[in-house]
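# Observations on the model geometry
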Amino acid sequence: MSAMHQELAEVLQTLPDEQRERAAGRDFWLGHWRGHEVVAVLSRIGKVAAATTATALIERFGVTEIVFTGVAGGLGEGVAVGDVVLARSFVQHDMDASPLFPRYEVPLYGRTHFDTDAALTERLRAAAAQVLAHPADALGEAAVSEFALHAPRVHEGLIASGDRFVATSAESQALRQSLPDALAVEMEGAAVAQVCHDYGVPLAALRTISDRADDSAHVDFTRFIDQVASRYSAASLDRFFEL
Ligand code: ADE
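Being a predicted model, the structure only gives us computed values, none of them experimental.

The rules behind each value
- Residues numbered from 1 in each chain as written.
- Predicted model: local features only at pLDDT ≥ 70, side-chain atom pairs only at ≥ 80, totals over all residues.
- UniProt positions renumbered as here; feature names shortened; annotations may be inferred.
- Helix = DSSP H or I, 4+ residues; strand = E, 2+ residues; numbered from the N terminus.
- Buried ≥ 20, exposed ≤ 12 C-beta atoms within 10 Å, placed from the backbone.
- Near = placed C-beta within 6 Å.
- Nonpolar A, V, L, I, M, F, W, Y, C, P; charged D, E, K, R; others polar.
- Core = buried A, V, L, I, M, F, W, Y, C linked by C-beta atoms within 7 Å.
- Contact = placed C-beta atoms within 7 Å.

## Some words on the UniProt feature "domain: Nucleoside phosphorylase" (unreviewed entry) in the protein chain
Under the feature "domain: Nucleoside phosphorylase" (unreviewed entry), the UniProt entry names residues 2-240. End-to-end, the C-alpha atoms of residues 2-240 are 16 Å apart, and along that stretch the chain is 39% helix and 26% strand.

## Here's the deal with unusual backbone geometry
Here the amide bond leading from S98 into P99 is cis, since omega sits at 5 degrees, within 30 degrees of zero. Here P99 lies in the loop between β5 (84-92) and β6 (113-115). For A24, which is not glycine, the phi dihedral falls at a positive 50 degrees. Here the phi dihedral of L108 falls at roughly 70 degrees; this positive angle occurs in a residue that is not glycine. Structurally, L108 can be placed in the loop between β5 and β6. Here L108 falls in the exposed class, since 7 other C-beta atoms lie within 10 Å of it.

## Examining the site of the ligand
Taken together, 14 residues sit near the ligand, with G73, V166, E186, A213 and A217 positioned nearest. Contributions of two or more residues to the shell around the ligand are made by β4 (66-74), β8 (182-186), β9 (203-211) and α8 (217-227). The greatest single-element share of the shell around the ligand, amounting to three residues, is contributed by β4. Each residue belonging to the shell around the ligand can be placed in one class, and the counts come to ten nonpolar, two polar and two charged.

## Re helix α7 (residues 189-199)
Counting buried residues along α7, eight of its eleven residues qualify, which places the element largely inside the surrounding structure. What α7 keeps buried is the set G189, A190, A191, V192, A193, Q194, V195 and C196. Trailing α7 by a residue or two, G200 shows a phi angle of about 70 degrees, which is positive.

## As for the nonpolar core
Ranked by internal contacts, the top residues of the largest apolar core, which has 70 residues, are I66, V85, I159, A182, A184, V185 and V192. Not counting residues within four places of it along the chain, the set of residues in contact with V85 comprises A72, V79, H155, I159, L183, A184, R207 and I209.

Here it is as C-alpha cells:
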C-alpha cells in the first residue's frame, strides 16, 4: 500500500500477472510477487483515504498482513533525505480532544500510539538494509549521485501522521518540541495502524525521507517523489518477499 502513484509505479511493473479490480473508488491490483499472493493499492493522501483503503484491503480482499511504503518528511536529528525510517509506532500529531482527553490520545481507545508488528517490521528492516548496503544497485547510479545517497541510514521508531503537509521550519520545529521522539512526519500511517489494530492485522511501514519538512519541503518532496521514491519501495519490497 502506498499513497501516491509515484510511490508505487515500479511495484506495479514488478507484478507480472496483476489483475485490476475496482472497489471503494480505488484500483486494487491482485497478483503474485516471488510466490506470494499480493494486493497492491494506492490509498491517495491523508488519514481518511488511508483508513478506507486499509479497511477495503482487509474486508474485501482478506489480506492477512499490510506493508505500507512511501515517503516522509524527516523530523529527528540526523534523519536525512534518502534515509529510511521504519515505524515501530505511530501517533496522530493533529489529534487533540483536550480537555476531554489527553493531547494525542485517540478518544475511547485509551492510547496515543499504535504499534506496528515486530516480526514483520524486522523482515522489512532486513530488506531495507540490503538495499542501502548497495544503493547504486537498487536505485541506480544517477539517483545516487543526484541525491547524494552515498551512505543512507535506516532508523526505527515513532512516526507522526496528520492531515497536513509540513512545509515550514516553524511547524517542523513545533512538532519536534511537542513530539520529541518522532523521527518523521507523513499523512497516512497512523490511520492504517489504527485500522490494523481494530482488525488484529499485522502492519509494517517503511518511509523514505524525501524532505526535512522545512521551508524547502515542497521542492525537495516533488523532486524526490518523481525520481527515486518508487525505486526504494520496489527494491525494498522485492527483498522483503525474498526473505
Ligand atoms: N510526506 C513527505 N514529506 C512530508 C511532509 N513534509 N509533511 C507531511 N507528509 C510528508
